[in-house]
Amino acid sequence: MTDSQPAIRLTGLTKEFGAVTAVDHVDLEIAAGEFFSMLGPSGSGKTTVLRLIAGFEQPTAGTIELFGEDVTRRAPFDRDVNTVFQDYALFPHMSVLENVAYGLRVRGIGRRERTQRARAALASVRLEQMGDRKPSQLSGGQRQRVALARATVVQPKVLLLDEPLGALDLKLREQMQVELKQIQRDLGITFIFVTHDQEEALTLSDRIAVFNDGRIQQLGTPADLYEQPGSRFVAGFVGTSNLFDDARSQALLGRGGEHSVRPEKLAVSAEREVGDGVASAPGTVVEVIYLGSGIRIVVDLDAGLRVTALAQNDRRRLRAGDRGDRVFVSWHEADVVALAPAPPAVAGEEADAAASVA
Amino acid sequence: MSQALVESRPRRTAMRAGSAFLTTHPRTRLALLLAAPLFWLVVVYIVALALLLVTAFWSVDSFTGVITTEFTLDNIIEVVTGSLYQTVTLRTLGVALAVTLIDVVLALPIAFYMAKVASPRMQRVLVILVLTPLWASYLVKAYAWRSVLSQDGILEWLLAPFGGHTPGYGLPATIITLSYLWLPYVILPIYAGLERVPDSLLEASGDLGGKTWPTLRLVVFPLILPAIIAGTIFSFALSLGDYITVNIVGGTNQMLGNLVYTNVGAANNLPLASAIALIPIVIIFGYLFLVRRTGALDNL
Ligand SMILES: Nc1ncnc2c1ncn2[C@@H]1O[C@H](COP(=O)(O)OP(=O)(O)OP(=O)(O)O)[C@@H](O)[C@H]1O
Ligand SMILES: [Mg+2]
């Protein structure tokens, strides 16, 4: 249990449900104290990985180590990990305080001590007044915090969170994101956080694993994934990207292979921009969308590619009347990311679909 | 365009007007909805019960056998103080409690297996298996047990090599047979109750360190208690009123139902029969009153 041990080590982890391979040879190390996110589209196996780590499912193959100890065959109650369930799974017949004290109760800790510790845990999520209520008398955000207090009061080494903010509205979500991060920093425990919201993952995580089809597509810090997406899939799934396929890359960049450029790295101007390492291409504005903080401009390049640029909403902005105007779209060579040749499994419609999503 | 819109709007027919009225008058809607079942309940059930109650305070002329509709407490006093009635009441109560206990003990693991362990396919098969005995006649099943329990029956044959014997006909046989008869009625509500306990609650308990037994005791049991009580109401009430099984496998033992039966038939004393019939009714009402607070009645 030294600090050099990773909190979690997955080796060749595989889970099959009949003909479906939900998790496909996943190798992963998560450091102690890390805020680690698993990001991926629906059905990509994130929940299954979490359930394997928690012990609710038995892997078809592979091992799970917790601080160097093999826990693959251990029951959930024998693992030092706790889960915050997506539906919170609070016990409806118990008060909020009893819910939080439950983990201590089944560990045989006396009534006085467990009440005291449960109260402290409730206070840490700012619910000290709610101890006597039933879960049904709480709002979604409050239930979420009770679930968090219940899972952290037993001081697990690793906390697993399965889309814990999925049921909350946007405002509350953003507020809870800040709180989650704060709690994680205060407790210093490892968080493994599942989400399909890329923005949430980018905001919160130290590192992110992008899942698709039960495999990790790319692993890295938020900046890594955003600035250097390794594949078409990641470029499309994490943020929005303009994808240049082989032919367009030849025409526009003067070299083969697939490339991607983030919308905010594209500039739209009436005159061709010149400068060191700056390239540009002519096109026609097809759509100007007002976003509040920014403006999204969709341009059909003469080279036969539709690109999206994101401009700050400042005084130099283009007005909506600019639709149909002839413009130049320019970018800096350094902002063009070369994508690894797409493996056949990830190429195709899904990446295209993801790429065109705002 | 706007013309088409107007025409595509549904026309105001009498039906629609009626529906609109009902939608905005929930009380009227409720009254109409409940009219038929309420009528049934009032006429058939309450009136019958009231008649029973009234009859218990009448008497029978011992010469003519004609019912005298004069108020008397004699029947009630006899039923409450007579040692025969006390003994039979206690015996009936004992049988009903034993049957209920046995059924709950048997039903819990079966229902748990059905709801939480078996695969969905197996689950359907098991529900059907539990229901199948209900398709056979009560009498057939009771006589089947009579044959099983007889001195040269299958139970004797099975137990003899181990030095055991069939209990023969008597109260144990009655309890066994009644337990068998009412078991499905106890399994099904408990199964339904367990179905409503989300798996994630069991997982959450295990996740927090709860082993199997604490999980069952602290999470599952409290959540299905209303369902268990709903099941016990069936086995308890059905056992209290039974008189056929005890006739078939009970030897010479009598239960309250037998006393009612003989007083209606052979003794032709309907008022006394009514007074006896009030005993299980009072017991059941007492039981319902006790369990009402647990919310079990919502599960029926
Ligand atoms: N118990 C199960 N039985 C059969 N198939 C399952 C089971 N659980 C998951 N799967 C399958 O495994 C795959 C991965 O599912 P998983 O729940 O891990 O996805 P996910 O990434 O969490 O998706 P979401 O974002 O929708 O929650 C899916 O194809 C799913 O249908
Ligand atoms: Mg999931």
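Residues numbered from 1 in each chain as written. Chains lettered and ligands numbered in written order. Predicted model: local features only at pLDDT ≥ 70, side-chain atom pairs only at ≥ 80, totals over all residues. Heavy atoms only, no water.

**Let's talk about the UniProt feature "domain: ABC transporter" (unreviewed entry) in chain A**
Going by this rule: UniProt positions are given in the numbering used here, feature names are shortened, and annotations may be inferred rather than shown by experiment. Secondary structure elements follow DSSP: runs of H or I no shorter than four residues count as helices, runs of E no shorter than two count as strands, and numbering proceeds from the N terminus.
Here the UniProt feature "domain: ABC transporter" (unreviewed entry) sits at residues 8-238 of chain A. Annotated as residues 8-238 of chain A, this span is 36% helix and 26% strand, and its ends, taken at the C-alpha atoms, are 24 Å apart.

**Observations regarding the packing of aromatic side chains**
Note on aromatic pairs: each is described by the distance of the centres and the angle between the planes. To be explicit about the condition: A pair of aromatic rings is counted whenever rings of Phe, Tyr or Trp (Trp by its six-membered ring) have centres within 6.5 Å, and the orientation is called stacked for planes under 30 degrees apart, edge-to-face for over 60 and tilted otherwise. Burial here depends on accessible area, computed with a 1.4 Å probe over protein chains only, as a share of the maximum for the residue type. Under 20% is buried, over 50% is exposed, and the range in between is partly exposed. In this scheme, the term charge over a ring applies when either NZ of a lysine or CZ of an arginine sits within 6 Å of the ring centre and within 35 degrees of the ring normal.
Per the counting criterion, the structure on display carries 13 aromatic pairs over all chains. On the basis of an interplanar angle of 55° and a centroid distance of 4.7 Å, the ring pair of phenylalanine 91 of chain A and tyrosine 102 of chain A is categorised as tilted. Here tyrosine 102 of chain A lies in helix H2 (residues 96-105) and phenylalanine 91 of chain A lies in the loop between strand S6 (81-84) and H2, a separation of 11 residues in the sequence. Like phenylalanine 91 of chain A, the residue tyrosine 102 of chain A is buried in the burial classification. Taking the centre distance of 5.6 Å and the plane angle of 10° together, the rings of phenylalanine 233 of chain A and phenylalanine 237 of chain A count as stacked. With a gap of 4 residues between them, phenylalanine 233 of chain A and phenylalanine 237 of chain A both fall in helix H8 (residues 232-237), about one helical turn apart. Through successive ring pairs, a cluster of aromatic residues spans Tyr138, Trp182, Tyr185 and Phe234 of chain B. Taking NZ or CZ as reference, arginine 262 of chain A lies 3.9 Å from the ring centre of tyrosine 226 of chain A, over its face.

**What about the pairing of strand S12 (residues 258-261) of chain A?**
All names here are of chain A. Rules: Two strands pair under a simple rule: DSSP has to find at least two bridges between them.
The alternating pattern of S12 places Glu258 and Ser260 and His259 and Val261 on opposite faces, both of which are buried. Where strand S11 (residues 242-244) meets S12, 3 bridges bridge the pair, whose relative direction is antiparallel. From the neighbouring strand, phenylalanine 244 faces S12, where its bridge partner is histidine 259. In terms of strand pairing, S12 meets strand S18 (residues 337-339) through 3 bridges, oriented antiparallel. Pairing of glutamate 258 across the sheet is with leucine 339, part of S18.

**Topic: the interface of chain B and chain A**
Counted only if it meets this: Only heavy atoms enter the contact rule, under which two residues are in contact if any of them lie within 4.5 Å. Two parts placed together each lose some accessible area under a 1.4 Å probe, and the buried area is that loss summed for both. Basic side-chain nitrogens of Lys or Arg form a salt bridge, by our definition, when they fall within 4 Å of a carboxyl oxygen of Asp or Glu. We define a polar contact as two N or O atoms separated by no more than 3.5 Å, with the added condition that, inside protein, one atom must be a possible hydrogen donor and the other a possible acceptor, whereas residues neighbouring each other in sequence contribute only through side-chain atom pairs.
Taken together, the contact between chain B and chain A spans 17 residues of the former and 23 residues of the latter. Carbon and sulfur atoms supply 64% of the area that chain B and chain A bury against each other, a total of about 1,700 Å² over both sides. By the criterion of area lost to chain A, the three top residues of chain B are Asp207, Leu208 and Leu218 of chain B, representing 41% of everything that side buries. Counting across the chain B and chain A interface gives 1 salt bridge. Across the pair glutamate 203 of chain B and arginine 51 of chain A runs a salt bridge whose closest N-O atoms are separated by 2.7 Å. Our count for the contact surface shared by chain B and chain A stands at 8 residue pairs in polar contact (both at pLDDT 80 or more). Looking at the side of chain B that touches chain A, the elements that each hand over two or more residues are helix H10 (199-207) and helix H11 (212-241) of chain B. Element by element, the count of residues in the side of chain B that touches chain A is highest for H10 of chain B, at 7 residues.

**Quick word on the confidence of the model for chain B**
Residues and elements named next belong to chain B. What counts, and what does not: Here pLDDT means the predictor's own confidence in every residue, given as a number from 0 to 100.
The predicted model of chain B averages 86 in pLDDT, with 94% of residues at 70 or higher. Least confident of the elements in chain B is helix H1 (residues 2-8), whose mean pLDDT is 52; most confident is helix H9 (residues 171-195), at 95. As a predicted assembly, this complex carries a pTM of 0.78 together with an ipTM value of 0.79.

**Observations regarding the site of ligand 1**
All names here are of chain A. Heads up, the condition is: Here a residue is near a molecule or strand as soon as one of its heavy atoms is found within 4 Å of it. Only the protein chains shown count as covering a residue, and every accessible area follows the Shrake-Rupley method with a 1.4 Å probe. Following the grouping adopted for this structure description, the nonpolar residues are Ala, Val, Leu, Ile, Met, Phe, Trp, Tyr, Cys and Pro, the charged ones are Asp, Glu, Lys and Arg, and the polar ones are all others, Gly among them.
Close to ligand 1 lie 13 residues; Ser42, Gly43, Lys46, Thr47 and Thr48 are nearest. The contact in question runs from an oxygen atom of ligand 1 to an N or O atom on the backbone of serine 44, over 3.1 Å. Between ligand 1 and glycine 45, the relevant distance is 2.9 Å, taken from an oxygen atom to a main-chain nitrogen or oxygen of the residue. Computed on the free molecule, ligand 1 has an accessible area of 630 Å², of which 61% lies beneath the protein chains in the complex. Listed by contribution, the elements that provide at least two residues to the shell around ligand 1 are strand S2 (20-30) and helix H1 (46-54). Examining the composition of the shell around ligand 1, we find that 3 residues originate from one element, H1, more than from any other. Residues that form the shell around ligand 1 fall into these classes: 4 nonpolar, 7 polar and 2 charged.

**What to know about the environment of threonine 28 of chain B**
Turning to its location among the elements, threonine 28 of chain B is positioned in helix H3 (residues 26-55). Setting aside anything within four residues of it in sequence, one finds threonine 28 of chain B in contact with Phe21 and Leu22 of chain B.

**Regarding the packing of helix H6 (residues 120-131) of chain B against H9 of chain B**
Each pair of packed helices gets described by two things: the angle between the helix axes and the distance between those axes. Residue and element names in this part refer to chain B. Our working rule: Between the N-to-C directions of two axes lies an angle of 0 to 180 degrees, each axis being a line fitted to C-alpha atoms and, for a helix, fitted only over the stretch in contact. Geometric relationships in this document are graded by angle, where less than 35 degrees denotes roughly parallel, more than 145 denotes roughly antiparallel, 65 to 115 denotes roughly perpendicular, and other angles denote oblique. In this scheme the crossing of two helices becomes right-handed for a clockwise turn of the near helix relative to the far one and left-handed for an anticlockwise turn of less than a right angle.
Close contact between H6 and H9 brings their axes to 9 Å; oriented N to C, the two are set at 155°. With respect to H9, the axis of H6 lies roughly antiparallel. Between H6 and H9 lies a crossing of left-handed hand. Contact with H6, carried on its side by Gln123, Val127, Val130 and Leu131, involves Pro184, Ile187, Leu188, Tyr191 and Glu195 of H9 and no other residues of that element. Split by residue class, the contact of H6 with H9 holds 7 nonpolar, 1 polar and 1 charged.

**What about the domain arrangement of chain A?**
Residue and element names in this part refer to chain A. What counts is decided by this rule: All domain edges in this entry derive from an automatic or database-based domain assignment.
Domain boundaries assigned for chain A yield domain 1 (8-233) and domain 2 (237-357). Just the C-alpha atoms count here: the centres of domain 1 and domain 2 sit 37 Å apart. Each partner contributes residues to the interface: domain 1 has 20 residues there, and domain 2 has 18 residues. Both sides together, the interface formed by domain 1 and domain 2 hides about 1,700 Å², and carbon and sulfur atoms give 57% of it. Looking at the side of domain 1 facing domain 2, the largest losses of area belong to Tyr226, Arg232 and Phe233, adding up to 47% of the total buried there.

**Topic: the packing of helix H5 (residues 83-117) of chain B against H9 of chain B**
Residues and elements named next belong to chain B. Closest axis-to-axis distance for the H5/H9 pair is 6 Å, and the angle between their directions is 40°. Classified by the interaxial angle, the pair formed by H5 and H9 is oblique. In this structure, H5 crosses over H9, and the sense of that crossing is right-handed. For the contact of H5 with H9, the per-class residue count stands at 23 nonpolar, 2 polar and 4 charged.

**Considerations on the pattern of salt bridges**
Residues and elements named next belong to chain A. One pass over the structure, following the stated rule, counts 21 salt bridges over all chains. Of the charged contacts in the structure, one is a salt bridge between arginine 207 and glutamate 34, with a shortest N-O distance of 2.4 Å. Taken together, the positions of arginine 207 in strand S9 (residues 207-212) and glutamate 34 in the loop between S2 and strand S3 (35-39) put the pair 173 residues apart, joining distant regions of the chain. Owing to a relative accessible area of 9%, glutamate 34 belongs among the buried residues under this scheme. Between arginine 323 and glutamate 287 there is a salt bridge, with the nearest N and O atoms lying 3.5 Å from each other. Here the residue arginine 323 occupies a position in the loop between strand S16 (305-312) and strand S17 (326-332), and glutamate 287 occupies one in strand S14 (residues 278-290), the gap between them amounting to 36 residues. One connected set of salt bridges, linked through shared partners, spans Arg9, Glu29 and Glu65.

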